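Listed below are the residues making up each chain.
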Protein chains: 2
Amino acid sequence: MDFSKLFNPESIAVVGASRDPGKVGSIILKNLRITYRGKIFPINLNTDEIQGVKAYRKVLDVKEPIDLAVISIPAEGVLSVLKECERKKIKFAIIISAGFKESGDSGLKLENDIKKFLKTSKIRVIGPNSLGAINTFPSYNATFIDPNSKPMEGKTAFISQSGALLSAIVDDATLEKIGFSKIISIGNEADIDEAEMLNVLLNDEKTGAITLYMEGLEDGQKFIKNAIEVSKKKPIIALKGGKSKIGAVAAESHTGSLTDNNMSYDLAFNKAGVISVDNIDDLFNFMRDAPTLKIKSDEVVIVTNAGGGGVITTDALSAANLKLVKLSNNVVNELSKVLPKEANMHNPIDILGDATPERYKETLEIVSKLNKPIIVIFSPQETSMPIETAKEISEIQLQNRDLPILSVFLGGTRIEKAKRYLRENGLPAYSYPNEAVDIIRGLYAYGTFSPPVYTTFDKNKTKVPKVSSKENLFGLSAKEVFDKIGIKTASGAFFKNEAELQRVVKKIGYPCVLKIASNTIAHKAEVGGVVLGIKNEEELRKAFASLKSKVNENHLKLDGYEIYEHANKENKQNVEILLGGHRDRQFGPLIGIGLGGEYANLLNETEFMLAPISDKDLSEFRNSKIGKIISAAAKHKVFDELIDYMISVSKLMTANPQIKDIDINPIMMFEDSVVATDFKIYN
Amino acid sequence: MDFSKLFNPESIAVVGASRDPGKVGSIILKNLRITYRGKIFPINLNTDEIQGVKAYRKVLDVKEPIDLAVISIPAEGVLSVLKECERKKIKFAIIISAGFKESGDSGLKLENDIKKFLKTSKIRVIGPNSLGAINTFPSYNATFIDPNSKPMEGKTAFISQSGALLSAIVDDATLEKIGFSKIISIGNEADIDEAEMLNVLLNDEKTGAITLYMEGLEDGQKFIKNAIEVSKKKPIIALKGGKSKIGAVAAESHTGSLTDNNMSYDLAFNKAGVISVDNIDDLFNFMRDAPTLKIKSDEVVIVTNAGGGGVITTDALSAANLKLVKLSNNVVNELSKVLPKEANMHNPIDILGDATPERYKETLEIVSKLNKPIIVIFSPQETSMPIETAKEISEIQLQNRDLPILSVFLGGTRIEKAKRYLRENGLPAYSYPNEAVDIIRGLYAYGTFSPPVYTTFDKNKTKVPKVSSKENLFGLSAKEVFDKIGIKTASGAFFKNEAELQRVVKKIGYPCVLKIASNTIAHKAEVGGVVLGIKNEEELRKAFASLKSKVNENHLKLDGYEIYEHANKENKQNVEILLGGHRDRQFGPLIGIGLGGEYANLLNETEFMLAPISDKDLSEFRNSKIGKIISAAAKHKVFDELIDYMISVSKLMTANPQIKDIDINPIMMFEDSVVATDFKIYN
């Protein structure tokens, strides 16, 4: 649909405009009057004029058309105003009013009523509980941010779930000379959510990068889908609040969002090419530089006039999995012609404490030919010339417009002007090496992003059964499902009594294992419901007697018992693997594979991936610790078999939305085969 | 010894003072003339007056006593000047001159000559290759830092191995209003090193905290010893450059320091209570606040007017292993009396976007009674009053002088003055939540530091043999050593031929293992030198034949062969453990224990500790992943036995400095016993 009237309206109504200068409705009107050149219609039940502008009682009283309504009245009245807006054929509304789902049950009801109305209405809504929205060109400021925090025009869009954080960031951005294309306080997302806003901004020419502060998502899969499309054209950078478990609780009581733990967000961001940042200061640097900086290489050149600065930067690069460019002999030769002999001509290139602007220039001219990201460190020393150095860097940038040259000017008083000079000329300039490194890491990941492909996944032709049971399935009833999707499981059989046992043991053979059969007891060993390593008839008899007595002792209600073959009859070397699935509230099935067995929880070596499993997921899995252990311990075909299992489990969970968790642990992995010996499905 | 004349000299000679204003010797003289009230004697071979001060040809020409000489002449002349200084009975010298070990072999020779002289001389030296030193009260600036970067008086000392970083930090500190007690550019440490400087600063009343930038250490154990003593009285904060492997190479070519990888430094810092920081910006915050802030609890209260700010802070706390205080019903009740009902009265306490200074004050009055660290988040919103809020916070601080109240003022223009107000009043104030959290984490670790005690270590009475061999010991020759220190190893015997084999197999029994005997072949299996699982005489004969043919095939030179018992005859469940030792260049033996077996390198689950092993090391080991796995898999006595082994290995390496590495892998750990089946000593 066409969102042009949201950001480029010809007229705006301020519903709840107020004569009281402390009121939100007054600040919004004031901000619009300062920033907006279209027609403004203040709406107020009790007055004919506000701030010198003619006011109306209702939107329906306005004769001219209205493109956008900004609503700031008590929550209870919002729905009827929306209905009036619809009758007035207003296309967009921003609901500033709070008092909805963030404030408890009665608010939630009001919000649900609005959602219900919006489902059949043509009007599209941002909010409620939004701080408003800002466009910088053509300009309007439909927020109640302090008018002193005037956001500048720029190429970064910012969408925030936290209004307070938004106003703090806008305030700081003004000081730091960061500009914005659009600023949207997304509020409770009763209608338009981040995912849709991403789509809107995808085609917005003014926007070169999109930054997000988010605490939760209603529809994770839609977010991933849209973010992938956006990532093909412009970077998305997200600060996710509520990453920690305790943080998630804080987020919940704050916005009413349903947040899950962090892992699923990391996986989703990775899949969609979204750059994830942890701190507000990182977010800032991306806001400033993400629209212009392109990083296509993970090998970096460092040029420094301070050895210590080079060391710290190198540490930071290494911690970020980035590398130093190895300089060829040719380059070293060229450098030796322009640098003093005490200089270090190898990367990090130390051009010494007495480096002149000229020496920076000559060095940069040589290394700029490598076409790799350059970090320039400047430390103010006795003979240093900060401004002149900044000018030379700027000159080199002009000659190499697409080359990423990131300056780090250490120090304070003496380098302030130089840093400002660089920023005003659109060059990335930072205070500390780790800032430059974080930017390179993020933009390199984005620069090498490609949308997920599913070659291996699509090759897998597993026929996935519909699991009709709504109850948990443990043991044989789970085995039955896994057998159908091709997972090799230990042979087993059900029996009810001694006579049936004597019959089934003939098929299973010795050594064998007895278990109680139950779909309610998840940990059978804990109630004495498992006997391992049964070697002969006599031991079998004892084992069954023992099981029966445990059943009596613990008053267990059972249908019967299970017998399994001993999966490792020849006592071969093996590694225990676990394969699992977990349905995430936001993003759907997560598939996990890791070291299994008794200490799986302690080892905690499990790689997760979001369903469906992409080729990139698989290649990352191959390079993970567990992937390498599997490669070392088993043949290629075993590895491929496990990948097949992962894909089948992924498909099983996708086809059966009632399955919450899947636990196949352990899978005994031998050099050239695997067999699962315990299996559970939680519905 | 008495260092008072170094920092409080009655007279200073500037050797190499210069009339050329661009020269280092001129800047030092100028800096001293501006900052120092004692007598200054410029020393210059060719002139009688510099900058209006009478100059002398040599220090010996000065009739009055001289306490400190600052030497800035070409490297070649430094030794003879030092000799003159000694004759003049000058107690301290700061050698600014570069051109020593940092610049290659000839420089290294000059430095070694100076070191040799200093061994028998009474004069004590900072440098060479130092930027100089600064005392702020009584004041002198004996550096060639730009005179515009005037360091203020404060309670933090700063010792730096990088001169350039030092000048950048001093420059920025001036802008950020961070003060210093002493600033020392420690240079190449030909005489006085960090460890000794720590001792000097331990008793310096002007110094409340010591900050370090370091790239390498000559004597790690001395550093630990002195740092422990200092940590009893004041915090040490270290930024270690050259943490990464590539960073370590950068550090080496820079200062000529011998650096090792990072782990040993982390262990050493942990042992000595040193707070380790990763970034310059963290170092800054500690410089500002470490002397005054005391953190005794890891439970934090958050008070915020921005829900999103509370969420991000909570995430940061969680990532730093810190907690939120759980507020009692009483506290919640009290809060509900002063806060609007929409506020979140649970920690993080959200006092809402329209929070007044009064509301901050009332909230802080309530939570200050809990006596826990408080993070106050302020985000500038439409009705917020930054300065007034800062004043209320400051008021609460005055009433609770020792209470840690850390303010985070988000935003820019609107909160600048408020943040400055807090800092000028000595209150911690930051721009981002993670800064406050990093400070709390560091100072909490310091606040709960206690010097290492060695109860368990001392109880162990293992008699440690002197290992005379200078060669590697593999197999039985290593087993002999480990048997002596009480480590249980698989039975084994040496044999040369079939006849001897037939004799020794009677003692060892079946199943058994054959190996080639060699102290040069570390990986015997790779050359086919190991046959496992030999069950009977026939298999034994085949195994021996196979070994012999491999020996011929690979032209191996051997003394003979080894036979071992099969350590797990009953095929019991077991976990493979590795126990190892590595001699670190700086800090001596590191003892490691982890998951062993074939995939030990891939699993990479090893806990290291520095010898000697302290009670704290052991308690951290118990709580580590590997510690928990051992606890889950084996009985208490097995855990204790492994600890005994670790201590014995630690003692063995300490008593035998030629041992470089020890590898006992695997140790098969059963529920109630352990046995090592492969063992190596690298000399």
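About the criteria used
- Residues numbered from 1 in each chain as written.
- Chains lettered and ligands numbered in written order.
- Predicted model: local features only at pLDDT ≥ 70, side-chain atom pairs only at ≥ 80, totals over all residues.
- Heavy atoms only, no water.
- Helix = DSSP H or I, 4+ residues; strand = E, 2+ residues; numbered from the N terminus.
- Buried < 20%, exposed > 50% of the residue type's maximum accessible area, 1.4 Å probe, protein only.
- Lys, Arg positive; Asp, Glu negative; His and termini not counted.
- Charge placed at Lys NZ, Arg CZ, Asp CG, Glu CD.
- Contact = heavy atoms within 4.5 Å.
- Buried area = accessible area lost by both parts, 1.4 Å probe.
- Salt bridge = Lys/Arg side-chain N within 4 Å of Asp/Glu carboxyl O.
- Polar contact = N/O pair within 3.5 Å; in protein donor to acceptor, adjacent residues only side chain to side chain.
- Nonpolar A, V, L, I, M, F, W, Y, C, P; charged D, E, K, R; others polar.
- Arc of directions from axis to C-beta.
- Pairing = 2+ DSSP bridges.
- Axes fitted to C-alpha atoms, helices over the stretch in contact; angles between N-to-C directions.
- Least-squares fit on C-alpha atoms with pLDDT ≥ 70 in both.
- Right-handed = clockwise from strand over helix to strand, strands pointing away.
- Core = buried A, V, L, I, M, F, W, Y, C linked by side-chain atoms within 4.5 Å.
- Patch = residues over 30% accessible without salt bridge, like charges linked within 9 Å, V, L, I, M, F, W, Y side chains within 5 Å.
- Areas by Shrake-Rupley, 256 points an atom, 1.4 Å probe, with all protein chains shown as cover.
- Expected span 1.5 Å × (residues − 1).
- Phe/Tyr/Trp six-rings, centres within 6.5 Å; stacked < 30°, edge-to-face > 60°.
- Lys NZ or Arg CZ within 6 Å of the ring centre and 35° of its normal.

Peer 1: Explanation requested: the overall build of chain A in the structure shown.
Peer 2: Helix and strand counts for chain A come out as 24 helices and 31 strands. Each of the three principal axes of chain A carries a C-alpha extent, and together these read 95 × 80 × 40 Å. Put simply, chain A has 683 residues, and 60% of those count as buried. Taking the average location of the 89 positive side-chain charges in chain A and that of its 88 negative ones, the two points are 5 Å from each other.

Peer 1: It is not clear to me how the interface of chain B and chain A should be interpreted in this structure. Could you clarify?
Peer 2: By convention, interface size is frequently given as the accessible area that disappears when the constituent parts associate. Counting residues at the interface gives 75 residues for chain B, matched by 75 residues for chain A. Between chain B and chain A, a total of about 5,800 Å² is buried, with carbon and sulfur atoms accounting for 62% of that surface. For the interface between chain B and chain A, the tally reads two salt bridges. Here E605(B) and K625(A) are joined by a salt bridge, their closest N and O atoms 3.5 Å apart. In this structure, the connection of chain B to chain A is made through 14 residue pairs in polar contact (both at pLDDT 80 or more). Broken down by secondary-structure element, the contributors of at least two residues to the side of chain B that touches chain A are α5 (163-176), β13 (236-240), α8 (245-255), α10 (280-289), α11 (307-319), α16 (433-447), α21 (600-603) and α23 (625-633) of chain B. In terms of residue class, the side of chain B that touches chain A is made up of 32 nonpolar, 27 polar and 16 charged.

Peer 1: Quick question: what am I supposed to make of helix α3 (residues 78-87) of chain A here?
Peer 2: Each turn of an α-helix holds 3.6 residues, which means side chains three or four residues apart point in the same direction. All names here are of chain A. For α3, the complete set of buried residues consists of V78, V81, L82, E84 and C85. Buried residues of α3, viewed axially, fall in a sector of 160°; they line one side. Among the structural elements, β1 (11-15), β5 (68-71), β6 (92-95), α4 (105-120) and β7 (124-126) are those in contact with the buried residues of α3. Following α3 by one or two positions, K89 adopts a phi angle in the positive range, close to 60°.

Peer 1: Whenever I open this one, the pattern of salt bridges confuses me. Can you help?
Peer 2: Working definition: two side chains of opposite charge can pair if their charged atoms are close together. Residues and elements named next belong to chain B. Counted by the stated rule, this structure contains 63 salt bridges over all chains. With its nearest N and O atoms 3.6 Å apart, the salt bridge here joins K515 to D678. Here K515, found in strand β23 (residues 512-517), pairs with D678, found in the loop between β30 (674-676) and β31 (679-682); they are 163 residues apart in sequence, far enough to count as distant. Of the residues examined, D678 reaches a relative accessible area of 22% and is grouped as partly exposed.

Peer 1: Whenever I open this one, the sheet that holds strand β7 (residues 124-126) of chain B confuses me. Can you help?
Peer 2: Hydrogen bonding along the main chain pairs the strands of a sheet, whether they run parallel or antiparallel. Residues and elements named next belong to chain B. Pairing is parallel across the open sheet formed by five strands, whose spatial order is β2-β1-β5-β6-β7. Edge positions in the sheet fall to β2 (39-43) and β7, since each of these pairs with one other strand and no more. Taking the axes of each pair of neighbouring strands and ignoring which way they run, one obtains an average angle of 20° across the sheet. In this structure, strand β1 (residues 11-15) lies alongside β2, joined through five bridges in parallel fashion. Bridge pairing in β2 places V15 opposite I43. Most of the contacts of helix α3 (residues 78-87) go to strand β5 (residues 68-71), to which it runs at about 170°, and overall it touches β1, β5, β6 (92-95) and β7.

Peer 1: Is there a simple way to explain the relation of the copies chain B and chain A in this structure?
Peer 2: Superposition of chain B onto chain A requires a rotation of 180° combined with a translation of 0.0 Å along the rotation axis, giving an RMSD of 0.1 Å. What the rotation and shift describe, once combined, is the action of a two-fold rotation axis. The C-alpha atom lying nearest the rotation axis in chain B is that of N571(B); the distance is 4.3 Å. Comparing interface residues between copies, 100% of those in chain B also lie at the interface in chain A; the contact surface is shared.

Peer 1: Teacher, can you tell me more about the pairing of strand β15 (residues 299-304) of chain B here?
Peer 2: Taken residue by residue, a regular strand's side chains alternate between the two faces of the sheet. Residues and elements named next belong to chain B. Counting buried positions along β15 yields five of six residues, so the element is predominantly enclosed. Relative to strand β16 (residues 323-324), β15 runs parallel, the two being bridged by two bridges. Residue pairing for β16: V300 is matched across the bridge by L324. Once you follow β15 into α11 and on to β16, the crossover reads as right-handed. In this sheet, strand β18 (residues 374-378) lies alongside β15 in parallel orientation, the contact comprising four bridges. Paired with V301 across the bridge in β18 is I374.

Peer 1: I keep staring at unusual backbone geometry and nothing clicks. Help me out?
Peer 2: In the segment running from F137(B) into P138(B), the intervening peptide bond is cis, with an omega of -10°. At K89(A), a position not held by glycine, the phi torsion is positive, near 60°. Looking at the element boundaries, K89(A) is found in the loop between α3 and β6. The exposure class of K89(A) is exposed, given its relative accessible area of 66%. You will see that N371(B), though not glycine, has its phi angle at about 60°, which is positive. By the secondary structure assignment, N371(B) is in the loop between α13 (357-368) and β18. Note on N371(B): relative accessible area 59%, which makes it exposed.

Peer 1: Hey, could you run me through the sheet that holds strand β25 (residues 560-565) of chain A in this one?
Peer 2: Residues and elements named next belong to chain A. The strand order across the open sheet built from four strands is β22-β25-β23-β24, with neighbouring strands paired in antiparallel fashion. Pairing within the sheet leaves two strands with one partner each, and these edge strands are β22 (492-495) and β24 (530-534). Looking at each pair of strands side by side, their axes are set apart by 20° on average, direction ignored. Here four bridges tie β22 to β25, and the two strands are oriented antiparallel to one another. Looking across to β25, one finds that F494 is bridged to E562.

Peer 1: Teacher, can you tell me more about the nonpolar core here?
Peer 2: Proteins that are soluble and globular tend to have nonpolar side chains buried together. Judged by nonpolar contacts, the single largest core of 210 residues is most densely connected at Y140(A), M197(A), F223(A), Y140(B), M197(B) and F223(B). With sequence-adjacent residues up to four places away left out, F223(B) is seen in contact with E194(B), A195(B), L198(B), L212(B), M214(B), L217(B), F269(B) and V274(B). Membership of the second largest hydrophobic core comes to 94 residues, among which are F621(A), I593(B), I662(B) and M669(B).

Peer 1: Would you explain the pairing of strand β23 (residues 512-517) of chain A in this entry?
Peer 2: All names here are of chain A. Buried residues dominate β23, accounting for six of its six residues. Judged from the six bridges that link them, β23 and β25 form a sheet pairing that is antiparallel. Within the sheet, the bridge partner assigned to K515 lies in β25 and is E562.

Peer 1: What is the right way to look at the environment of N262(A) in this model?
Peer 2: Residue and element names in this part refer to chain A. With respect to the element layout, N262 can be found in helix α9 (residues 262-272). Since its relative accessible area comes to 17%, N262 is described here as buried. Along the primary structure N262 and G596 are separated by 334 residues, whereas in three dimensions their C-alpha atoms are 23 Å apart.

Peer 1: Quick question: what am I supposed to make of the environment of T136(A) here?
Peer 2: All names here are of chain A. Along the chain, T136 falls in strand β8 (residues 132-136). Residues T136 and G187 lie 51 residues apart in sequence; the distance between their C-alpha atoms is 20 Å. Among the polar contacts listed, one links the side chain of T136 to the backbone oxygen of F180, at a separation of 2.6 Å. Polar contacts involving the side chain of T136 include one to the main-chain carbonyl oxygen of S181, which spans 3.1 Å.

Peer 1: I keep staring at a positive patch on the surface and nothing clicks. Help me out?
Peer 2: All names here are of chain A. A cluster of basic residues, K155, K206, K294 and K296, forms a positive patch on the protein surface. By secondary structure assignment, the location of K294 is in the loop between α10 (280-289) and β15 (299-304). The class for K294 is partly exposed, based on a relative accessible area of 47%.

Peer 1: I tried to follow the side chain of D204(B) on my own but got confused; where do I start?
Peer 2: Residue and element names in this part refer to chain B. Position of D204 among the secondary structure elements: in the loop between α6 (194-202) and β12 (209-214). A distance of 2.5 Å separates polar atoms of two side chains, one belonging to D204 and the other to T207. Beyond its immediate sequence surroundings of up to four residues, D204 is in contact with S181, K182 and K234.

Peer 1: Help me understand helix α20 (residues 537-553) of chain B in this model?
Peer 2: Residues and elements named next belong to chain B. End to end, α20 covers 24 Å across 17 residues, agreeing with the expected 24 Å (1.5 Å per residue, within 8%). When we look at burial in α20, the residues that qualify are L540, A543, F544, L547 and V551. In a view along the axis of α20, the buried residues occupy a sector of 95°, so they form one face of it. Across from the buried face of α20, at angles greater than 90 degrees, the exposed residues are K542, N552 and E553. Count one or two residues on from α20 and you reach H555, which has phi positive near 50°.

Peer 1: Just to check I follow, could you spell out the packing of aromatic side chains for this structure?
Peer 2: The relation between two aromatic rings is expressed through the spacing of the ring centres and the mutual angle of the planes. Under the defined criterion, the tally for this structure stands at 34 aromatic pairs over all chains. Centre to centre, the rings of Y360(A) and F378(A) are 6.0 Å apart; their planes meet at 40°, and the pair counts as tilted. In this pair, Y360(A) sits in helix α13 (residues 357-368) while F378(A) sits in strand β18 (residues 374-378), placing the two residues 18 residues apart along the sequence. For Y360(A), a relative accessible area of 0% gives the class buried. Aromatic rings pair up to connect F223(A), Y265(A), F269(A) and F587(A) into one cluster. Sitting over the ring of Y56(B), K54(B) keeps its end group 4.6 Å from the ring centre.

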